[in-house]
Amino acid sequence: MKRIVLLGPPGCGKGTQSRLLVEKKEYIQLSTGDLLRDETSKSNSELGKKVSLLMESGELVPDEIVINIIVNKVEEYKNKSVIFDGFPRNLNQAKVLDEALKNISLELDNVIFFEIDFKILKERIQNRIDQSGDLEQRKDDNIETLSNRIEVYKSSTLPIVEYYEEKGILSKINAMEKVENVNSEILKIIS
Ligand code: AP5
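What you see as residue numbers is a count from 1 along each chain, following the sequence as written. Totals for whole chains, interfaces and linings use every residue, but because this is a predicted model, local features are given only for residues with pLDDT of at least 70 and side-chain atom pairs only at 80 or more, for both listing and counting. Side-chain measures here rest on the full set of heavy atoms in the structure, leaving out hydrogens and waters.

What is the right way to look at the site of the ligand in this model?
Near the ligand, the surroundings consist of 29 residues, among which T16, T32, E59, R89 and R128 are the closest. For the purposes of these results, a polar contact is taken to be a pair of N or O atoms within 3.5 Å, where, inside protein, one atom must be able to donate a hydrogen and its partner to accept one; residues adjacent in sequence count only when each atom of the pair is a side-chain atom. Note that an oxygen atom of the ligand is positioned 2.8 Å from one of the side-chain N or O atoms of R37. In the model, an oxygen atom of the ligand is placed 2.8 Å from a nitrogen or oxygen of the R149 side chain. Calculation of accessible area relied on Shrake-Rupley with a 1.4 Å probe; when residues are assessed, cover is drawn exclusively from the protein chains displayed. Burial of the ligand by the protein chains amounts to 88% of its free accessible area of 1,000 Å². Nearness of a residue to a molecule or strand requires only that one of the residue's heavy atoms be within 4 Å of it.

Listed below in structure tokens is the structure:
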């Protein structure tokens, strides 16, 4: 059983690679973005509306909300291999995840850091918008919000790279390669 974090900016391919690991290796994908979208689509509460607005603007949702969702899942899937997709996103979340795993005698095996030029992210998100067709488009998928998502990533999320480097569990991959090549790199790291 492994626990792996996929770490990288919006649009770098975390979701795509998570889904491949679910198909090929039967991992459980824990995407905080998907879990939050699911929660807010079901809820009409003031809190749900506040969370939706934060997501639409590209800001992070408050830690206590995200942590509450993820810590329950960590316990639920303690006997499965798990990919954390989009979590943690700041140092506090990283420390809380370590603590939650430690409480059930587990730890992270690998943190995979997706390295990519920021200008490529715009192309990828634009492609996703163009290809969305009849599917409902994500409200944060527009170039203006993407710029904010990237700024938030740089200020809040990038600092945790050093945290995991110091722990000796960080591996960097070239996320500008084709999907299959990125996937091969990840499989090599986690095997
Ligand atoms: P979240 O849903 O996590 O979105 P994100 O991190 O912005 O990432 P994306 O889902 O847009 O991209 P991705 O890296 O998964 O790339 P994908 O595979 O889709 O978060 C959304 C919001 O939720 C946040 O802004 C925040 O408000 C909130 N939130 C979530 N987690 C939180 C947390 N922990 N704390 C606080 N708030 C949180 O690929 C993108 C496109 O590129 C696709 O079209 C894909 O087909 C294509 N593509 C993928 N790989 C390749 C490749 N190798 N070559 C060419 N194209 C590729």
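What should I look at first to understand the pairing of strand β4 (residues 110-115) in this one?
Successive side chains on a regular strand alternate, one facing one side of the sheet and the next facing the other. The buried count for β4 comes to five of six residues, which makes it a mostly enclosed element. Pairing geometry for strand β1 (residues 3-7) and β4, over four bridges, is parallel. For I4, the partnering residue across the bridge sits in β4 and is N110. Sheet topology note: the β4/strand β5 (residues 170-174) ladder contains five bridges and is parallel. Bridging from a neighbouring strand, V111 pairs with L170 of β5. A simple rule labels every residue: compare its accessible area, found with a 1.4 Å probe on the protein chains alone, to the largest value its type can have, and call it buried under 20%, exposed over 50%, or partly exposed in between. Each helix corresponds to a stretch of at least 4 residues labelled H or I by DSSP, and each strand to a stretch of at least 2 residues labelled E; elements are numbered beginning at the N terminus. For two strands to count as paired, DSSP must find a minimum of two bridges between them.

Help me understand the nonpolar core in this model?
Soluble, globular proteins show a tendency: their nonpolar side chains are buried together. To define a nonpolar core, start from buried Ala, Val, Leu, Ile, Met, Phe, Trp, Tyr and Cys residues and group those joined through side-chain atoms within 4.5 Å. In this structure, L7, L36, F84, L97, L108, V111 and Y164 are the most contacted members of the largest nonpolar core, which totals 30 residues. Secondary-structure elements contributing two or more residues to this core are β1, α2 (32-42), α3 (46-57), α4 (63-76), β3 (82-85), α5 (91-103), β4 and α8 (159-167). For this core, the element with the most residues is α4, which contributes six residues. Once residues within four sequence positions are removed from consideration, L7 is found in contact with K14, P88, V111, I112, F113, F114, T157, I160, V161, Y164 and L170. In this analysis, two residues are considered to be in contact whenever any of their non-hydrogen atoms come within 4.5 Å of each other.

Help me understand the side chain of T32 in this model?
Within the secondary structure, T32 is located in helix α2. Apart from the residues lying within four places of it in its own chain, the contact partners of T32 are V66, I70, D85, G86, F87 and R89.

Help me understand the sheet that holds strand β2 (residues 28-31) in this model?
Overall, parallel pairing links the five strands, which are arranged β2-β3-β1-β4-β5 in an open sheet. Two strands in the sheet have a free side with no partner beyond their single neighbour: β2 and β5. Adjacent strand axes in the sheet meet at a mean angle of 25°, parallel and antiparallel pairs treated alike. Of the strand pairs in this sheet, β2 and β3 are connected by four bridges, and their pairing is parallel. Residue I28 lies in a different strand from β3, and its bridge partner there is V82. Lying over the sheet, helix α1 (residues 14-25) contacts β1, β2, β3 and β4, oriented at roughly 170° with respect to β3. A fitted line through C-alpha atoms serves as each axis, taken over the contacting stretch for helices, and the angle formed by two N-to-C directions is quoted from 0 to 180°. Strands in contact with helix α9 (residues 179-190) are β1, β4 and β5; relative to β4, the strand with the most contacts, it is inclined by about 155°.

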